[in-house]
Amino acid sequence: MLERLKNHPTVSPYLAGGKTVEYAAHLVTEGGYDMIPTLYRDNVLVAGDAAALVMNLGFTIRGMDLVIESGRLAAETIIAAKEAGDYSAATLSKYKTALDNSFVMKDMQHFRKMPKFIENHRIFEQYPGMIDEIMSGLFIMHGQEPVKFKKKAMAAVKKVGMMNLLKDGMNGMGAM
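Residues numbered from 1 in each chain as written. Predicted model: local features only at pLDDT ≥ 70, side-chain atom pairs only at ≥ 80, totals over all residues. Heavy atoms only, no water.

### Digging into the overall build of the chain
Part 1 of the reasoning: In terms of regular secondary structure, the chain is built from 10 helices and 4 strands.
Part 2 of the reasoning: For the chain, the sequential pattern of α-helices and β-strands runs α-α-β-β-β-β-α-α-α-α-α-α-α-α.
Part 3 of the reasoning: The globule rule puts the C-alpha radius of gyration for 176 residues at 16 Å, and the 24 Å found for the chain is more than 25% above it.
Part 4 of the reasoning: Counted over contacts in the chain with a minimum sequence separation of 6, partners at least 24 positions apart contribute 62%.
Part 5 of the reasoning: Summing over all exposed atoms, the chain offers an accessible surface of approximately 12,400 Å²; the carbon and sulfur share of this is 60%.
Part 6 of the reasoning: Between the averaged position of the 21 positive side-chain charges in the chain and that of its 19 negative side-chain charges there is a distance of 9 Å. (Helix = DSSP H or I, 4+ residues; strand = E, 2+ residues; numbered from the N terminus. Rg over C-alpha atoms; globule rule 2.2 N^0.38 Å. Contact = heavy atoms within 4.5 Å. Areas by Shrake-Rupley, 256 points an atom, 1.4 Å probe, with all protein chains shown as cover. Lys, Arg positive; Asp, Glu negative; His and termini not counted. Charge placed at Lys NZ, Arg CZ, Asp CG, Glu CD.)

### Let's talk about the side chain of Asp-168
Part 1 of the reasoning: Looking at the secondary structure, you find Asp-168 in helix α10 (residues 162-175).
Part 2 of the reasoning: In this structure the side chain of Asp-168 is engaged in a polar contact, spanning 2.5 Å, whose partner is the side chain of Tyr-127.
Part 3 of the reasoning: Contact partners of Asp-168, with chain neighbours within four places excluded, come to Phe-117, Asn-120, Arg-122 and Tyr-127. (Polar contact = N/O pair within 3.5 Å; in protein donor to acceptor, adjacent residues only side chain to side chain.)

### Observations regarding the pattern of salt bridges
Part 1 of the reasoning: Tallying each qualifying case throughout the model produces 9 salt bridges.
Part 2 of the reasoning: In this structure, Asp-65 engages Arg-62 in a salt bridge whose closest nitrogen and oxygen atoms are separated by 2.7 Å.
Part 3 of the reasoning: Note on Asp-65: relative accessible area 31%, which makes it partly exposed.
Part 4 of the reasoning: A salt bridge links Glu-133 to Lys-159; its shortest N-O distance comes to 2.9 Å. Here Lys-159 lies in helix α9 (residues 149-160) and Glu-133 lies in helix α8 (residues 127-139), a separation of 26 residues in the sequence.
Part 5 of the reasoning: Since its relative accessible area comes to 60%, Lys-159 is described here as exposed.
Part 6 of the reasoning: Each of Arg-62, Asp-65 and Asp-107 takes part in a single network of salt bridges with overlapping partners. (Salt bridge = Lys/Arg side-chain N within 4 Å of Asp/Glu carboxyl O. Buried < 20%, exposed > 50% of the residue type's maximum accessible area, 1.4 Å probe, protein only.)

Written out as structure tokens, the structure is:
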């Protein structure tokens, strides 16, 4: 992907003679709530990215706030365990209780259906084009006789299918 960008005719003239000094990429867990592993055992707590506390909402990937809060709650649990001299699963289970009572798990549960919803290929393949066609019809003038908005919009919608749009809209509302 980086090479395609670097070699794109619009970009490549600006990069001529340059070299990539550093490149980084991160994997984002996209399974949502159902991908969260066991969060504690004797002598072990799992927090942040390792606990899959990340959400791909389709329009953004959310996780920084969830990771920070889970780290804070894990630290509080570990401090209490150290003071008690007890790192058993029973003591460390307070971390899971704290997470469940925080916005972290409430938000993860709220968006639990999102991973399945965004697997729908139309979300990223067809709907952006449909919206582009509708907006272009609204804002680009070609010096031709005006066409009613409904006619312009319906032409774009028909390419995706009205039933697909309704079904996907209902599934999207259920996922949010």
